[in-house]
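Listed here are the chains, written in short residue letters.
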Amino acid sequence: MTAPSPILVRRAILVGLIALWEILPRLQVVPELFLPALSKVLVVLASDWQVFGGALLVTLYEVGLAIVIACGLGITVGALVGGVASLRSLLLPVFSSLYAIPIVILYPLFTAWLGIGPQSKIVFAGLYGFFPVMLSTAAGVRVIDPQFLLAARSMGATLTQQVTRVIIPASLPTVFAGLRLGGALAIIGVVVAEMLTASAGIGYLVTLNRTILDSPRVYAAILAILLLSILYDVASRALERRVVVWQSTGRQSAPAARPVSTATPQATAA
Amino acid sequence: MQRGLQTLIRLALLALVLGLWEVLPRIGAVNPMLLPPLSDVATTLWGLLGRANVREAIAVTTLEVITAFAIAVPLGAAAGILLAENEYLGAIFKPMLFYVFSIPKSIFLPLFILAFGIGFGQKVGYAAFTTTFVVMMSATAAVESVRGDYILVARSFGATPAQIIWRIYVPCMMPVLLETLRISMIFNFTGVMIAEMYASRTGIGHLISNWGENFQLPQLFAGIIILSAVAIAFNETVRRLEARVGAWRQ
Amino acid sequence: MAAVSMNGSARAPASDIALEVRGLSHVYEAGDRAVPALQDIDMSVRAGRFIVIVGPSGCGKTSLLMMMAGLRAHSAGTLLCQGRPIPTPDPTRVGVVFQEASLFPWLTTLDNIEFPLSLRGVPAEERRRRAEAMLSLVGLKGFGARYPHELSGGMKQRVSIARGLVQDPPVLLMDEPFAALDEQTRMTMGHELLRIWSTTSKTVVFITHSLTEAVYLADEVYVMSPRPGRIIDHIEITLPRPRTYEMMATDVFGRLRERIWQQIRHAQ
Ligand SMILES: Nc1ncnc2c1ncn2[C@@H]1O[C@H](COP(=O)(O)OP(=O)(O)OP(=O)(O)O)[C@@H](O)[C@H]1O
Ligand SMILES: [Mg+2]
């Protein structure tokens, strides 16, 4: 007998986990307080949908602006640092060193400066995403084959045409990888910030309900966050696949956050 | 550009930042309540290091960081090597790992509080939990960085399995392993900080969180400086080592 | 050293000269060091000829080709294409094919071939028509919608050739175009190139490290010395056309090949 296909096993594991989530609390193998049955969580999610939906909107707003900061700045600075040799040798070591700082320790500073409203979350999550996006863009820009530019020049491309017709398309995969990474990090950053100090947002609901020991609502909020980040991942991957159809291998299938090279980590922290 | 010149420019940049930090609040260009002058922060920092509760917090945090690291690294390494060496398990679990990566792991903090209560166990547990995933990913990559043909060549010269491990795997993986340790430590540190800032009665993370809430900005800045200095120092030390054992890599 | 001609064939009238190189020298300024790369190069390439340049690695072949393409300036001497200098790349006068498939991976085969046309705003319809024609010329009809990563190495180089020829330049420069291919594909591609060349009557300047390829393809072979690169031999390949694989086994072929090899060896 051959082993079942990995995809099948993966689905089975997922189904099993969902089933256990329902069964274990019902059989009182684990206490309700620790893990309420999935059905209960879903019921709460449905009945309180306005609360959770409203909180998600706040979170999405913050995430959206944080992505603009993380990706806008990250891709721009990354392209400069990666593309200009003198900037690269001057600044890349500095950025790599700064990268070791656990950025979350800056969050209290941002709340002191900007208050506990959306601003502090946006700035924190933007900064949280900035470094990895910047480093991975810098790494990506460096691998643009100089041969492409030479070929374009031999065909009479002007400087502007070299940028628009070669450099920009050649860096699209990097930019998209950066967007995906930056988005995932923005979500992580916003959720962490909301959980720490906030008065609104889906992360705030986790903390609020935890302190009043309302486990079904804690899990409902957790479920909403899980769905949000998985949806973002699936959507950004699909978009990337459509835009970067020409790539044979590599980034498009890689995870948003691969902690393997210095280019990307931090994604998973928090 | 020459190295000396670069170092000079970097030092100049640093001096500029530090100088502005001192001057701007002094001349009132920025609110000294929001950005206390550097010299005030330095004085506060010195005073803090002498205080008993701060020393205790540093000790607690250090112990948490080390314990979480000691749990996560062997666990993550074992799981990562298993996934890299066993193709079937790898095919099942690696795609799942990728998904886990884009999930904010802080949402599981409440579970650790329910399981361990607020204290050492919760903080260590959470940090170890987040770090294990990182170690797993990097360990998988580390194993996969050993090229099959090196092993084939070694075998063709009659190397024993033990020799293959010591003469091929270890030197090949050394730089990647150090990188793994370095990056895992960044995550581990972050994990402990988040856990302490979320719910804790002691630890540096708890202190800076409080200082922030009470608008004690000189203390807050002092705390940030201490933590950043420790993190950068660790990172740079391991990076030096990495460069040394990884000189053959390009 | 003066160029030697194996058979003193009659010189063509000046108007027939596609490429004219007179006393060309080049020195690279690398930081505070000066690297003399090319020294006193003289070449006179008649229109429609197939020229091959061989020489040891680092002797300046690529540099010379870059200058012919207007991609790099030279320190001294003159370089004329149909009587006029080439200060900047002009794909209507000179097409270039590089060693590595320098096709843009984000464009389909057809879009790659159209690229130089689109740079100068040729209307889409005409672009497509000309690109399609090139595609069938290089024997890739029906592969227009593929991306480069879906093509074999040989096919990629066919597309590169099509791209180099799409603006119908009288001169085609090729820098080790088949070096990355396996021996068999390489032989077929050489044969294909001769077919394309004979139907388009281009002037080709072709760089290679393979002596067999050089003799098989060329009308004339220029042999260069190690750095600084000079022309140390100029050999007329008298084999009749069309060339066939069987010719490789003949004595004449072997002797020509041997002569080139001796020149390169003794120049070391
Ligand atoms: N941009 C440059 N700056 C400085 N030196 C250069 C530059 N390009 C080439 N050189 C030097 O000029 C010499 C000739 O280089 P070139 O690439 O033209 O040789 P080549 O004959 O094409 O070699 P190969 O057969 O290996 O392709 C080499 O010594 C090379 O190091
Ligand atoms: Mg060359």
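Definitions and cut-offs
Residues numbered from 1 in each chain as written. Chains lettered and ligands numbered in written order. Predicted model: local features only at pLDDT ≥ 70, side-chain atom pairs only at ≥ 80, totals over all residues. Heavy atoms only, no water. Helix = DSSP H or I, 4+ residues; strand = E, 2+ residues; numbered from the N terminus. Rg over C-alpha atoms; globule rule 2.2 N^0.38 Å. pLDDT = per-residue confidence, 0-100. Contact = heavy atoms within 4.5 Å. Buried area = accessible area lost by both parts, 1.4 Å probe. Salt bridge = Lys/Arg side-chain N within 4 Å of Asp/Glu carboxyl O. Polar contact = N/O pair within 3.5 Å; in protein donor to acceptor, adjacent residues only side chain to side chain. Nonpolar A, V, L, I, M, F, W, Y, C, P; charged D, E, K, R; others polar. Core = buried A, V, L, I, M, F, W, Y, C linked by side-chain atoms within 4.5 Å. Buried < 20%, exposed > 50% of the residue type's maximum accessible area, 1.4 Å probe, protein only. Pairing = 2+ DSSP bridges. Axes fitted to C-alpha atoms, helices over the stretch in contact; angles between N-to-C directions. Near = heavy atom within 4 Å. Areas by Shrake-Rupley, 256 points an atom, 1.4 Å probe, with all protein chains shown as cover.

Undergrad: I'd like a description of the overall build of chain B, backed by residues and values.
TA: Looking only at helices and strands, chain B has ten helices and zero strands in total. Order of helices (α) and strands (β) in chain B, N terminus to C terminus: α-α-α-α-α-α-α-α-α-α. In terms of C-alpha radius of gyration, chain B reaches 22 Å, well past the compact-globule figure of 18 Å for 250 residues. In terms of overall dimensions, chain B has a C-alpha envelope of 75 × 55 × 30 Å along the principal axes.

Undergrad: Which residues make up the confidence of the model for chain A, and what values do they have?
TA: Predicted confidence across chain A gives a mean pLDDT of 85, with 91% of residues reaching 70 or more. Element-level pLDDT for chain A is lowest in helix H4 (residues 85-98) of chain A, with a mean of 85, against a maximum mean of 94 in helix H5 (residues 107-114) of chain A.

Undergrad: How would you explain the interface of chain B and chain A if you had to name every residue and give the values?
TA: Contacts between chain B and chain A engage 61 residues on the former and 62 residues on the latter. Approximately 5,500 Å² of surface area, both sides summed, lies buried where chain B meets chain A, with 75% of it carried by carbon and sulfur atoms. Counting across the interface, chain B meets chain A through zero salt bridges. Across the contact surface, chain B and chain A share nine residue pairs in polar contact (both at pLDDT 80 or more). If you list the elements that add at least two residues to the side of chain B that touches chain A, you get helix H1 (3-26), helix H4 (87-101), helix H5 (109-116), helix H6 (120-144), helix H8 (161-198), helix H9 (204-213) and helix H10 (217-245) of chain B. Each residue belonging to the side of chain B that touches chain A can be placed in one class, and the counts come to 45 nonpolar, ten polar and six charged.

Undergrad: Give a detailed account of the nonpolar core, specifying residues and quantitative values.
TA: If you look at the biggest cluster of nonpolar residues, it comprises 104 residues, and the most contacted ones within it are Val104, Ile105, Phe124, Ile202 and Val206 of chain A together with Tyr198 of chain B. Among the elements that line this core, the one with the most residues is helix H8 (residues 159-196) of chain A, at eleven residues. Apart from residues lying up to four places away in sequence, Phe124 of chain A is in contact with Ile103, Val104, Tyr107, Phe110, Gly189 and Ala193 of chain A.

Undergrad: Give a detailed account of the pairing of strand S2 (residues 33-46) of chain C, specifying residues and quantitative values.
TA: For strand S1 (residues 17-30) of chain C and S2 of chain C, the ladder comprises ten bridges, and the chain directions are antiparallel. Bridging from a neighbouring strand, Tyr28 of chain C pairs with Val35 of chain C of S2 of chain C.

Undergrad: Could you give me a rundown of the sheet that holds strand S6 (residues 94-97) of chain C, with the residues and numbers involved?
TA: All names here are of chain C. Pairing within the open sheet is mixed, and its six strands lie in the order S6-S7-S8-S3-S9-S10. Whereas interior strands pair on both sides, the edge strands pair on one side only; in this sheet they are S6 and strand S10 (231-236). In this sheet, adjacent strand axes meet at a mean angle of 15° when their direction is disregarded. Direction of pairing for strand S3 (residues 50-54) relative to strand S9 (residues 220-224): parallel, over a ladder of four bridges.

Undergrad: Got a sec to walk through the site of ligand 1? Specific residues and values, please.
TA: Residue and element names in this part refer to chain C. In the vicinity of ligand 1, 13 residues are found, and the nearest of them are Ser57, Lys61, Thr62, Ser63 and Arg227. In the environment of ligand 1, an oxygen atom lies 2.6 Å from a nitrogen or oxygen atom belonging to the side chain of Ser57. Between His209 and ligand 1, the recorded distance is 3.0 Å, taken from a side-chain N or O atom to an oxygen atom. The fraction of the free accessible surface of ligand 1 (630 Å²) that becomes covered by protein chains is 66%. Looking at the shell around ligand 1, the element that brings in the most residues is helix H1 (residues 61-68), giving three residues. Residues of the shell around ligand 1, tallied by class, amount to three nonpolar, six polar and four charged.

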